[in-house]
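What the coordinates show
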Amino acid sequence: MLRLQLGPADLCRVRLADRLHPVGTALLAGQWLRDPTVAVMAPSLAEQAGVVEAAGVAQAATAILRHLLPGRGSLPDFVTPLDGLESVTAGLEAIRATPARRVRAEVTAAYADVAASPLRRRFATADPETLDLFGGAVRTWFEAVLAPHWPDLVAAHRQQVICASQRLARHGLASLFDGLHPAIRWREPVLEVRTWWHGELTGTGHGLILLPSPLAGPRPRVLVEPGRPILLVYPVPMPRRAASAGVDSLGRLLGTTRALVLRRLADDGGLTTTVLARAVGISLSSTSEHASALRSAGLIASERDGGAVRHHLTPLGAHLLVAGSESSVSDLSAVWPSAGQPAGRPPGLP
């Protein structure tokens, strides 16, 4: 049991995270789905993870992550940073910015019960090439496993934030804490959390961030850093589609990343290439290439907006998304335009 004694400065700064952390969620999910007793809660995700992990580059990425990170319990705190919420790229940059001394301390603690290996030794010394290898594995795993389900996971998180906010507004802070998860109890002024480690801590004075996540794992997670808000990640139900849906038909038709680009434009609309790249977690050049392909197929439209290019979903793109939630790949092919019917690319667009 972890006991957090929260003072007035922490309690007046309790807030809910406005979005899921792509990298943090990926690493927690990668660990969570390795346990067959909890993976049954998300059979579609577990099945997809098994399929992509058995093939090509994704197989190598999975092997790297499983070798470098413990299969159960606490992860090194620096791999689930507070910063880098915007995208996979931003999260990986936050990890790379971790001081080497902290990396050594946290990885050494995580390796207390595992055998040493050359790769683990290099990871523990914050070797730049090994950190690059780790980052590439995280990105590959996210795009192959989580990206097709990301809109559903984001929607589930938003719904939980709305419900928690309403409970806070109607019944106060004590009711909010007691309604988060059975493993979390409020015993004023102490928040008791049954997590992966034990101890008694005093709040940092910078508040408490509550992050509901469908992929937190079987227990809440707590991140405490001096001078920063305490982060409490707690499990919430898996969204119905991610928990039980079959193969992602739209991802099979378009490719995982292009399907995610299309879904992000449906959720937010009118995104510039730069903002879209951050939202999806890919490079600017890759975003431009995917946007060009989708535009040529008539699924998105792009227009100049000052020095930027702004992308919008077309009616055909919206129709394809609706069909993708209900149809098989063969059904979707009927609404996909042929390559010989470009949608009119404005001159000069990337």
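All of the points below concern the structure found in this document. Residue indices follow the written sequence of each chain, beginning from 1 at its first position. Reporting of local features is limited, given that this is a predicted model, to residues whose pLDDT is at least 70; pairs of side-chain atoms are given and counted only at 80 or more, and all residues count toward the totals for whole chains, interfaces and linings. The side-chain values count all of the structure's non-hydrogen atoms but skip hydrogen atoms and water molecules.

A few words on the sheet that holds strand β4 (residues 190–193). Paired strands, as defined in this entry, are two strands with at least two bridges between them according to DSSP. The way it works is that DSSP assigns letters per residue, a run of H or I at least four long becomes a helix, a run of E at least two long becomes a strand, and they are numbered from the N terminus. Overall, mixed pairing links the 4 strands, which are arranged β3-β4-β1-β5 in an open sheet. If you trace the sheet from one side to the other, it starts and ends with β3 (184–187) and β5 (199–202), each paired once. Here the strands of the sheet are splayed against their neighbours by 20° on average, with no regard to which way each runs. Bridging between strand β1 (residues 2–5) and β5 involves 4 bridges; their strand directions are parallel. Counted as the bridge partner of L4 is L201 from β5. Axes here mean lines fitted to C-alpha atoms, for a helix over just the part in contact, with angles spanning 0 to 180 degrees between N-to-C directions.

Another point: the layout of surface pockets. To find leftover empty space, one rolls a probe the size of a water molecule over the atoms. Its boundaries defined by the atoms lining it, the largest pocket holds a volume of some 350 Å³. Lining the largest pocket are 20 residues; nearest its centre among them are D77, T80, R221, V222 and L223. Of all elements in the fold, only α2 (22–32), β6 (208–213), β7 (221–223) and β8 (230–235) reach the threshold of two or more residues within the lining of the largest pocket. Here the second largest pocket is characterised by a volume of approximately 290 Å³. Of the two site types, the cavity is a set of points on a 1 Å grid over the protein atoms alone where a 1.4 Å probe fits but cannot get out, and the pocket is an open set with protein on both sides within 12 Å along at least five of seven lines, each lined by residues with an atom within 4 Å of a point. Forming the boundary of the second largest pocket are 15 residues, of which R19, L85, E86, R158 and R264 lie nearest the centre. Looking at the lining of the second largest pocket, the elements with two or more residues in it are α10 (150–171) and α15 (273–280). Of the residues forming the lining of the second largest pocket, the biggest block, 4 residues, is contributed by α10. Residues were grouped as follows: Ala, Val, Leu, Ile, Met, Phe, Trp, Tyr, Cys and Pro as nonpolar; Asp, Glu, Lys and Arg as charged; and all remaining residues, including Gly, as polar. Looking at side-chain class alone, the lining of the second largest pocket contains 7 nonpolar, 1 polar and 7 charged residues. Grid points are joined across faces, edges and corners, and a volume is the space filled by probe spheres set on the points.

We now examine the side chain of T98. Here T98 shows up in the loop between α6 (88–96) and α7 (100–110). Relative accessibility thresholds used throughout: buried, under 20% of the residue-type maximum; exposed, over 50%; partly exposed, between the two (1.4 Å probe, protein chains only). Of the residues examined, T98 reaches a relative accessible area of 13% and is grouped as buried. Ignoring anything within four residues of it in the chain, the contact list for T98 reads F78 and V103. The contact criterion used is simple: two residues touch if any of their non-hydrogen atoms lie within 4.5 Å.

Next up on the list: the pattern of salt bridges. Close approach of charged atoms allows side chains with opposite charge to pair. Salt bridge, as applied in this entry: a Lys or Arg side-chain nitrogen positioned within 4 Å of an Asp or Glu carboxyl oxygen. Inspection of every chain in the model, using the stated rule, returns 9 salt bridges. Taking the shortest distance from any N to any O, the salt bridge between R19 and D18 comes out at 3.9 Å. By relative accessible area, which is 37% here, R19 ends up partly exposed. Linked by salt bridges that have partners in common, R3, R185, E192 and E200 make up one network.

What follows is about the packing of α15 against helix α16 (residues 284–296). Look at α15 against α16: their axes get within 9 Å of each other, and the N-to-C directions meet at 105°. As the angle between them shows, α15 and α16 are arranged roughly perpendicular. Contacts from T273, T274, L276 and A277 of α15 reach α16 at L284, T287 and S288. Taken together, the residues that form the contact of α15 with α16 break down as 3 nonpolar, 4 polar and no charged. Convention used here: angles under 35 degrees read as roughly parallel, angles over 145 as roughly antiparallel, angles from 65 to 115 as roughly perpendicular, and any remaining angle as oblique.

To continue, consider the sheet that holds strand β2 (residues 14–16). Taken in spatial order, the 4 strands line up as β2-β6-β8-β7 in an open sheet, and their pairing is mixed. Each having just a single partner strand, β2 and β7 make up the two edges of the open sheet. Each strand axis lies, on average, 20° off the axis of its neighbour in the sheet, ignoring direction. With 6 bridges connecting them, β6 and β8 associate as parallel partners. If you follow P212 over to β8, its bridge partner there is Y234. On top of the sheet, α10 reaches β2, β6 and β8; it is set at about 130° to β6, its chief contact.

The α-helix winds at 3.6 residues per turn, so residues separated by three or four positions along the chain end up facing the same way. When we look at burial in α6, the residues that qualify are V88, A90, G91, L92, A94 and I95. Where α6 is buried, its residues meet α2 and α9 (128–146).

What follows covers empty space enclosed by the protein. Enumeration according to the criterion identifies 3 cavities of 30 Å³ or more in this entry. There is about 130 Å³ of room inside the largest cavity. Together, 13 residues line the largest cavity, and G30, Q31, R34, L65 and R66 are the ones closest to its centre. Listed by contribution, the elements that provide at least two residues to the lining of the largest cavity are α2 and α5 (56–68). Here the lining of the largest cavity gets 4 residues from one element, more than from any other, and that element is α2.

To continue, consider the packing of aromatic side chains. Working definition: rings of Phe, Tyr and Trp (its six-membered ring) pair if their centres are within 6.5 Å, and the pair is stacked with planes under 30 degrees apart, edge-to-face with planes over 60 apart, and tilted otherwise. As enumerated under the stated definition, the model contains 4 aromatic pairs in all. Between F142 and W150, the aromatic rings sit 5.2 Å apart at their centres with planes inclined by 70°, giving edge-to-face as the arrangement. For W150, a relative accessible area of 4% puts it in the buried group. The interplanar angle of 50° and the centroid separation of 5.0 Å between the aromatic rings of F177 and W186 together place this pair among those described as tilted.

The geometry of α2 relative to α9 is characterised by a closest axis approach of 10 Å and an angle of 80° between their N-to-C directions. On the basis of their axis angle, the class for α2 and α9 is roughly perpendicular. Along its contact with α2, which presents P22, V23, T25, A26, L27, A29 and G30, the element α9 presents F134, V138, W141, F142 and L146. Tallied by class, residues from the contact of α2 with α9 come to 10 nonpolar, 2 polar and no charged.

Read these as geometric descriptors, not functional statements.
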